[in-house]
Amino acid sequence: MLRKTTRFMALVAAGLAFSATALAADVLIEAENFNAQGGGNVAKVTDRPATSGGAALMNFDNEGHWLEWKIDVPEDGNYAVTLRYAGGRKWNVFREVQIDGKVPNSAFAKVTLPTTGGFGRAEGEWKDMVVVGSDGKAAMVALTKGTHVLRITNLGGEGGASGSANLDLIKLSTL
Ligand SMILES: [Ca+2]
């Protein structure tokens, strides 16, 4: 369901003392490993280049269509949320992000996904986009160690147009 990457910094002093400190743990959530959905039916695609885990989701098109993932947070902390997606519409499309049934803060109420130039048939069409607040900095979500539910809801596209964007990966990272 997810992979964890833990980075360690080792300090060796005078050849005698040694300490290792875990600095951060990223949580990688493969979109295709969702646990539930409503308001539509996504399709798993495995023919797109440069996808994490070799797969992504398409048909995440309609306003109101939501997907949920159970996530295992390794440690208490403030996490930034990065979405890896490919969007071929010429207009912005929007997503709401909830954790445990709530929008964590205003940055997650309406996340803008600009076009990436295509739906991921070319490697460069997949983009990693961190959710930012009105100050342009990464918006952080406070999470406790343990299991949580992350939900992404399609809010459609600009001017009521299609909200299509293919989703590959969600990353939680302590910065
Ligand atoms: Ca993936």
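Remember, it's a predicted structure, so these values are computed and weren't measured experimentally.

Now for the sheet that holds strand 6 (residues 66-73). What the five strands build is an open sheet, ordered 3-6-12-8-9; its pairing is antiparallel. Where the open sheet ends on each side, the last strands, each with one partner, are strand 3 (36-38) and strand 9 (111-113). Between one strand and the next, the sheet's axes are offset by a mean angle of 30 degrees, whatever the strand orientation.

Another aspect to go through is the coordination of the calcium ion. On the protein side, the calcium ion has E30 (OE), E32 (OE), E32 (OE), S52 (O), A55 (O), D168 (O) and D168 (OD) as donor atoms, found 2.2 to 2.7 Å from it. All donors to the calcium ion come from one chain, and their sequence spacing reads E-x1-E-x19-S-x2-A-x112-D. Of this pair, E30 sits in strand 2 (residues 17-30) while D168 sits in strand 13 (residues 166-173), and the two are 138 residues apart along the sequence. What makes E30 buried here is its relative accessible area of 7%. Relative accessible area serves as the criterion here: at 0%, D168 is assigned to the buried category.

This paragraph deals with the confidence of the model for the chain. Predicted coordinates in areas of low pLDDT are best not read in detail. Residues with a pLDDT of 70 or more make up 86% of the chain, whose mean pLDDT is 89. The low-confidence segment residues 4-22, where pLDDT is below 50, has 28 contacts with residues more than four positions distant or belonging to other chains.

The next subject is the packing of aromatic side chains. Applying the stated rule across the entire model yields zero aromatic pairs. The aromatic ring of F60 is capped on one face by R95, whose charged end is 4.6 Å from the ring centroid. If you follow K110 out to its NZ or CZ, it ends over the ring of F94, 4.3 Å from the centre.

Take H65: it is sitting in the loop between strand 5 (56-58) and strand 6. Excluding anything up to four places from it in sequence, H65 contacts Q37, G38, G39, G40, N41, V42, N59, F60, I152, T153 and N154.

The phi dihedral of A50 is positive, around 65 degrees, even though this residue is not glycine. The residue A50 is located in the loop between strand 4 (43-45) and strand 5 in this model. In this structure, N59 is a non-glycine residue whose phi angle is positive, near 65 degrees. If you trace the backbone, N59 turns up in the loop between strand 5 and strand 6.

Rules behind the numbers
- Residues numbered from 1 in each chain as written.
- Predicted model: local features only at pLDDT ≥ 70, side-chain atom pairs only at ≥ 80, totals over all residues.
- Heavy atoms only, no water.
- Pairing = 2+ DSSP bridges.
- Helix = DSSP H or I, 4+ residues; strand = E, 2+ residues; numbered from the N terminus.
- Axes fitted to C-alpha atoms, helices over the stretch in contact; angles between N-to-C directions.
- Donors = N, O, S within 2.8 Å, 3.2 Å for Na, K, Ca; no water.
- Buried < 20%, exposed > 50% of the residue type's maximum accessible area, 1.4 Å probe, protein only.
- pLDDT = per-residue confidence, 0-100.
- Contact = heavy atoms within 4.5 Å.
- Phe/Tyr/Trp six-rings, centres within 6.5 Å; stacked < 30°, edge-to-face > 60°.
- Lys NZ or Arg CZ within 6 Å of the ring centre and 35° of its normal.

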